[in-house]
Amino acid sequence: MKRTSLVHLAFGLRSVDEIAWARTGIAAVIVNAVSGMVLVAAPVTPMSLESIATPALGALLIILFGPLIGFFCSSIYARLEWFVGTRLGGKASLDDLYGIFAWSFLPLSVALLLCTLLFSFLDALKVPLETVTMIAASIPSLVIGYCSLRNYCSNVIAVQQYTRLRGAVSLVLTFALFLMVIMVAGGFLLLILRYGMSENLKALLPRP
Amino acid sequence: MSVTLMRWTKAAVICFYLLLIVGLALYDEKLSPQLVRDMAQPLPEVIEPGNGWIAFLGFDAPPGVSPYVHGEAEMRKYRDARLAGKLSELSRAADADKSGLHFKGKVPTFYGMKGGMAAFAAAHPDEVAALGRDNEELLRRYEGLRTYPRYSEPVDDGFLAPIPGYAPIKKSCQVKLLQLAGKAGQGVLSGPLERVREDAEFWRSIARSSNTLISRMVAFAILKLHFRVAADLGGSRQLNGKELAIVEEILRPFDRSEIGLAGTLRGEFRCLQQSLRLLPLEAKPRGFVTTLLYKPNATRNRHYDDWQALDYIRIAEMTPQQFALEWKKAQVGRQLARRLGIPFLYNPAGEIMWVRDQIDYFPYIAVGHDLEGFRRLARLKVLARAENISVDGMQQFLDSHKTELGNPYSGGAMTWNPEKSSISFPAGDGQYTMEILL
């Protein structure tokens with residue numbers, strides 16, 4: 001099996017697609033778990049550095065809940081992509097989209113963590129966070145993030161056998177739908193926390 | 001093969017997280033055995049005839065209603081609402097209820113006024129009479145508070161238990177003291193002084209019995225009023241032997257249970273512990289989400305560890321001089337460094353509460369020592385008058401009394417300010433000056 005570096009994964013335009021085809025679905029699941037861990041590490045690591053949380057708690061949060069976030073995001077997003085894609089005449093299977101998402105998501109998470117760590121480092125060095133410094137510190141992450149997104153979009157369009165316009169519509173619709181799902185879920189959670197499953201909330205639900 | 005493996009992998013992941021979340025929701029620590037032992041001592045029941053606190057609670061009852069009956073009903077309503085999980089509804093209803101008896105008029109402040117209440121009562125007899133007339137029922141209720149044989153606060157009902165409205169109680173006390181000061185100005189001093197003494201004794205007994213900071217601080221504030229009146233009356237003329245004895249009795253030294261906050265802080269801690277225990281009953285939503293986010297035992301253990309580490313009881317039992325040194329040391333990093341630890345996984349809400357809430361009891365303990373200092377100032381004023389100390393001899397007089405009536409924090413003599421004709425000492429927090437005008 002050909003070894004692939006993160007640099008190749010992030011910057012090579014066709015690499016995500018190649019890897020997604022070459023690796024098994026289990027590998028994609030594992031990559032999603034790792035991406036989730038990196039994503040959770042982004043807010044948790046500065047918390048440990050700034051003495052808000054103990055390192056032990058930070059490590060446990062990353063190990064236990066990182067994979068959950070990874071599975072959750074990848075499953076929902078890939079399913080939404082597939083749902084929108086089938087309605088726009090896309091040819092990709094759910095597994096194809098799941099694999100592409102998994103391998104694209106990893107460099108994106110690393111970019112986020114890199115950005116957070118850089119800011120924490122500058123903060124620890126007492127460097128004043130002016131606009132220029134912030135932009136300069138964000139450049140590496142922005143480059144990696146841009147390449148990951150470009151790779152994801154290009155590979156999805158290729159695997160769905162879309163035209164550019166149809167591909168763009170599909171990607172935008174999927175992203176909007178994902179945001180809506182998150183907002184509805186978050187709103188429902190807030191509603192439960194605010195009112196509880198009491199008479200107040202039941203009163204909002206339709207009666208049979 | 002691959003598809004089957006994927007399905008099993010996904011099922012395993014879902015099962016793992018379901019088990020993890022249910023496990024985290026169900027797990028709670030065992031209460032520390034020491035904490036259980038500390039909390040085991042039962043406290044007297046609050047709703048019981050003869051408990052003055054219930055009358056305090058019902059002090060602002062609607063006109064014609066007995067404060068005790070009203071207070072008892074309020075307390076029962078609170079307990080019923082807590083059991084039913086309807087505390088917020090009760091709170092809204094209480095806010096909307098305007099049927100209570102309110103204090104009418106404005107009691108003037110006497111801070112920095114030469115002659116204090118006695119001078120005001122002599123100069124404004126009509127205003128004092130109007131305050132008495134407009135608040136007749138409240139004044140009658142205030143007199144009635146002294147008839148209760150005991151005073152027990154609802155410590156085991158937690159912080160959400162109703163709190164008496166202390167403002168009308170304090171204002172009624174001020175009006176009563178104004179009336180007594182007015183009577184004293186008309187001639188015979190011993191009668192009004194005797195009534196000031198009785199009232200001060202009542203507030204000393206409240207200070208002794210108080211188990212919560214709010215009532216203790218109110219008792220201290222009201223005792224300060226009594227000391228001020230006694231000093232104003234005693235410092236305004238030559239007292240005969242009987243009158244001087246009454247003033248000395250009002251201004252007698254505190255015993256440890258009256259001025260020390262150890263008992264009150266124990267009560268506060270117990271109240272906090274009970275609040276943490278009762279929190280799930282008051283939270284919305286009850287049930288799984290609350291159980292997932294908040295674990296009473298884990299939260300209580302964390303607070304108990306802090307309570308032991310901070311050792312406030314020992315600090316509350318220190319002399320003012322030891323306390324002043326301890327406070328100075330504390331200002332250089334006494335606060336415990338708190339970080340979210342592993343318990344955050346099963347008790348996130350409790351852990352965040354624990355990290356955020358760090359109560360500093362030093363300023364409250366200082367209020368007791370400040371009051372002791374003020375008592376000394378009042379005593380010095382009366383003594384200076386009794387011994388006819390001249391302005392020139394005042395500093396020498398203060399120096400000669402520094403052992404028993406000196407600055408409580410430094411042990412040195414009180415400060416004489418000839419321009420203001422005042423004696424003073426810096427309060428415990430170093431920001432204010434406790435002062436009495438001669």
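Our subject is the structure listed above.
Definitions and cut-offs
- Residues numbered from 1 in each chain as written.
- Chains lettered and ligands numbered in written order.
- Predicted model: local features only at pLDDT ≥ 70, side-chain atom pairs only at ≥ 80, totals over all residues.
- Heavy atoms only, no water.
- Helix = DSSP H or I, 4+ residues; strand = E, 2+ residues; numbered from the N terminus.
- Buried < 20%, exposed > 50% of the residue type's maximum accessible area, 1.4 Å probe, protein only.
- Areas by Shrake-Rupley, 256 points an atom, 1.4 Å probe, with all protein chains shown as cover.
- Arc of directions from axis to C-beta.
- Axes fitted to C-alpha atoms, helices over the stretch in contact; angles between N-to-C directions.
- Parallel < 35°, antiparallel > 145°, perpendicular 65-115°, else oblique.
- Nonpolar A, V, L, I, M, F, W, Y, C, P; charged D, E, K, R; others polar.
- Phe/Tyr/Trp six-rings, centres within 6.5 Å; stacked < 30°, edge-to-face > 60°.
- Contact = heavy atoms within 4.5 Å.
- Salt bridge = Lys/Arg side-chain N within 4 Å of Asp/Glu carboxyl O.
- Polar contact = N/O pair within 3.5 Å; in protein donor to acceptor, adjacent residues only side chain to side chain.

*Asks:* Quick question: what am I supposed to make of the overall build of chain B here?
*Replies:* Looking only at helices and strands, chain B features 22 helices and three strands. With the C-alpha coordinates aligned to their principal axes, the bounding extent of chain B is approximately 105 × 55 × 35 Å. Taken over 438 residues, chain B has a buried fraction of 49%. Of the roughly 20,800 Å² of accessible surface on chain B, 58% is carried by carbon and sulfur atoms.

*Asks:* Help me out: how do you make sense of helix α7 (residues 125-134) of chain B in this one?
*Replies:* Given 3.6 residues to a turn, an α-helix orients residues that are three or four positions apart in the same direction. Residue and element names in this part refer to chain B. Looking only at α7, the buried set comprises V128, L131 and G132. Projected onto a plane normal to the axis of α7, the buried residues spread over an arc of 100 degrees and lie on a single side. Turned more than 90 degrees away from the buried face of α7 sit D126 and R133, all of them exposed.

*Asks:* For this particular structure, what's the right way to read the packing of helix α5 (residues 94-124) of chain A against helix α6 (residues 131-160) of chain A?
*Replies:* The relative placement of two packed helices comes down to the angle between their axes together with the axis-to-axis distance. Residue and element names in this part refer to chain A. Viewed as axis vectors pointing N to C, α5 and α6 meet at an angle of 175 degrees, and their least axial separation amounts to 9 Å. The angle between the axes of α5 and α6 places the two elements in the roughly antiparallel class. A class-by-class count of the residues in the contact of α5 with α6 yields 19 nonpolar, eight polar and one charged.

*Asks:* Help me understand unusual backbone geometry in this model?
*Replies:* The phi angle at Q161(A) is positive, at roughly 55 degrees, despite the residue not being glycine. With respect to the helices and strands, the residue Q161(A) is situated in the loop between α6 and α7 (164-195). Overall, the relative accessible area of 58% leaves Q161(A) in the exposed class. For D311(B), which is not glycine, the phi torsion reads 55 degrees and is therefore positive. Exposure remark for D311(B): the relative accessible area of 29% places this residue in the partly exposed category.

*Asks:* For this particular structure, what's the right way to read the packing of aromatic side chains?
*Replies:* Both the distance between ring centres and the angle between the ring planes are used here to describe each pair of aromatic rings. Counting across every chain of the model gives 23 aromatic pairs over all chains. Taking 6.3 Å as the distance between ring centres and 65 degrees as the angle between the ring planes, the aromatic pair formed by Y77(A) and Y152(A) counts as edge-to-face. Linking Y77(A) in helix α4 (residues 55-87) with Y152(A) in helix α6, this pair joins segments that are 75 residues apart in sequence. The pair Y77(A) / Y152(A) is uniform in exposure class, with both members buried. The interplanar angle of 15 degrees and the centroid separation of 6.0 Å between the aromatic rings of Y68(B) and Y148(B) together place this pair among those described as stacked. A residue pair is termed long-range when its members are at least 10 positions apart, and Y68(B) in helix α4 (residues 67-84) and Y148(B) in the loop between α8 (136-145) and α9 (166-185) qualify at 80 residues. Y68(B) gets classed as buried once you look at its relative accessible area, which sits at 12%.

*Asks:* Mind showing me how you'd approach the interface of chain A and chain B here?
*Replies:* Interface extent is often summarised as the accessible area lost during association of the parts. If you look at the interface, chain A gives 25 residues, while chain B gives 19 residues. On the surface where chain A and chain B come into contact, there are zero salt bridges. Taken together, the links from chain A to chain B amount to five residue pairs in polar contact (both at pLDDT 80 or more). For the side of chain A that touches chain B, the secondary-structure elements that each account for two or more residues are α3 (25-49), α4 and α7 of chain A. Among the elements that line the side of chain A that touches chain B, the one with the most residues is α4(A), at 10 residues. For the side of chain A that touches chain B, a count of residues per class yields 20 nonpolar, five polar and no charged.

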